[in-house]
Amino acid sequence: MNIKKVGIVGCGIMGSGITQVVAHSGYSVTVFDINEAALKTGLESIRFRLQKSVDKGKLSIEKRESILAGIRGTTDISDFGNCDFVIEAVFDNLEIKRKVFSELDNICPKHAILASNASSLSIIDIAAATKRMDKVLGMHFFNPVPVMKLVEVVKTIATSEETVEISKEFGEKLGKTVVIAPDMPGYIHNRLTAVLSIAAIKMLEDKIAGRDDIDTALKLGSNLPMGRLELLDMVGLDTLLEGYENLYQTYKDPKYAPPLLLKQMVAAGWLGRKSGRGFYIYDKNGNKIG
Ligand code: 3HC
């Protein structure tokens, strides 16, 4: 299949990052969000990031303009009627995703592949909301999408080999390295790293070590670009809690049980960088100030 038009559902942190990467690779992209304000924020974040690259001399003004010209924002999902490939990047909640996929199934052309950027859900539960399960799979990107090289392609028991091949090739055209992951909550990466992240939160909760020492130890001891707690703030504590709840419910393994501290922070609205407070405190531009 020759993919020309790509649809992205959701223009939040992940959706806007995916939109940017897809448009950068020369595809025409339609990005949907439910309201104008959310769409505007997402599109502005793309413009902001592209401008930063121009300022650093890493992107030409012409390329920035061609990327922006390739992106069309919409609040009307029926605009996906001519898309060849759609990536859904809404909140990791099964009911919401099933509703989106059912709508996409009715709107998109018969040949279109529908991918979910779910980070912890079983893709078959989402695919079952459509009448084209063979053309549904997971495409799990990592945050920040323009920087992170990995995409997990998640094949369900119903996904066809052809769909997997087309999606793998598409991921590679976006400049990503693709791994084929099992349709089991957490797939490969998040299933492994959840254990480490939960252990880091518990170490803080049990006052075994302080926040900065936990982060410095992991960052420098494993040569990572940032500390684990800092990374959790970047991903979003509500997103992580939803993911851990799902892993725990699925595997019934105590190693995935979400720490009480995480639940309390989410209840308090301390969602990480996006809300100004998580394990660290941030200014309105997302810079760490405490
Ligand atoms: N969007 C786009 N580009 C970004 C970015 C963003 N949000 N944040 C940083 N960048 C780019 C910068 O523009 C810069 O690009 P350049 O090299 O072309 O100039 C480059 O990344 C480095 O940025 P900075 O110099 O500002 O800062 P750092 O060197 O500290 O890098 C970081 C920031 C890229 C976030 C780095 O710390 C990092 O890679 N951290 C780890 C991220 C990670 O592990 N992500 C996975 C999370 S898990 C996940 O996503 C799964 C999901 O299911 C939850």
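Residues numbered from 1 in each chain as written. Predicted model: local features only at pLDDT ≥ 70, side-chain atom pairs only at ≥ 80, totals over all residues. Heavy atoms only, no water.

Q: Please provide a residue-by-residue account of helix α9 (residues 228–235), values included.
A: Taking burial as the measure, the eight residues of α9 include six buried ones, the bulk of the element. Looking one or two places after α9, you find Gly236, whose phi comes out positive at around 115 degrees. (Buried < 20%, exposed > 50% of the residue type's maximum accessible area, 1.4 Å probe, protein only. Helix = DSSP H or I, 4+ residues; strand = E, 2+ residues; numbered from the N terminus.)

Q: Can you explain the site of the ligand? Please cite residues and give values.
A: As a matter of local geometry, the ligand sits amid 17 residues, with Lys56, Ser119, His140, Asn143 and Asn190 nearest to it. Here an oxygen atom of the ligand sits 2.6 Å away from a polar atom, N or O, in the side chain of His140. Protein contact buries 62% of the 1,000 Å² of open area that the ligand shows by itself. Broken down by element, the residue count for the shell around the ligand peaks at three residues, all from α9. Broken down by class, the residue content of the shell around the ligand amounts to 10 nonpolar, four polar and three charged. Split by domain, the residues of the shell around the ligand number at least three in each of domain 1 (5–182) and domain 2 (189–275). (Near = heavy atom within 4 Å. Polar contact = N/O pair within 3.5 Å; in protein donor to acceptor, adjacent residues only side chain to side chain. Areas by Shrake-Rupley, 256 points an atom, 1.4 Å probe, with all protein chains shown as cover. Nonpolar A, V, L, I, M, F, W, Y, C, P; charged D, E, K, R; others polar. Domains from an automatic or database assignment.)

Q: Provide a residue-level description of the packing of aromatic side chains, including the pertinent values.
A: In total, this model carries three aromatic pairs according to the counting rule given. For the ring pair Tyr27 and Phe170, a centre distance of 5.1 Å and an interplane angle of 80 degrees mean the geometry is edge-to-face. Linking Tyr27 in the loop between α1 (13–24) and β2 (28–32) with Phe170 in helix α6 (residues 161–173), this pair joins segments that are 143 residues apart in sequence. Overall, the relative accessible area of 11% leaves Tyr27 in the buried class. With 4.6 Å between their ring centres and 45 degrees between their planes, Phe85 and Phe170 make a pair best called tilted. On the criterion of sequence distance, the pair formed by Phe85 in strand β4 (residues 85–88) and Phe170 in helix α6 is long-range, its members being 85 residues apart. The exposure classification of Phe85 matches that of Phe170, with both residues buried. Three or more aromatic residues joined by ring pairs make a cluster, and in this case those are Tyr27, Phe85 and Phe170. (Phe/Tyr/Trp six-rings, centres within 6.5 Å; stacked < 30°, edge-to-face > 60°.)

Q: Got a sec to walk through the state of the cysteines? Specific residues and values, please.
A: Enumeration according to the criterion identifies zero disulfides in this entry. Here Cys11 stays free of any disulfide, with the sulfur of Cys83 as its closest cysteine sulfur at 14 Å. Relative accessible area serves as the criterion here: at 3%, Cys11 is assigned to the buried category. Cys108 carries a free sulfur, and the closest cysteine sulfur to it, the one in Cys83, is 6.0 Å from it. (Disulfide = S-S within 2.5 Å.)

Q: Give a description of the domain arrangement of the protein that names residues and reports values.
A: When cut into domains, the protein gives domain 1 (5–182) and domain 2 (189–275). Measuring from the centre of the C-alpha atoms in domain 1 to the corresponding centre in domain 2 gives 26 Å. Facing the 11 residues of domain 1 at the interface are nine residues of domain 2. For the pair domain 1 and domain 2, the summed buried surface comes to about 930 Å²; carbon and sulfur atoms form 54% of the total. Counting the contacts that link domain 1 with domain 2 gives zero salt bridges. At the boundary of domain 1 and domain 2, one finds three residue pairs in polar contact (both at pLDDT 80 or more). The class makeup of the residues in the side of domain 1 that touches domain 2 is four nonpolar, five polar and two charged. (Contact = heavy atoms within 4.5 Å. Buried area = accessible area lost by both parts, 1.4 Å probe. Salt bridge = Lys/Arg side-chain N within 4 Å of Asp/Glu carboxyl O.)

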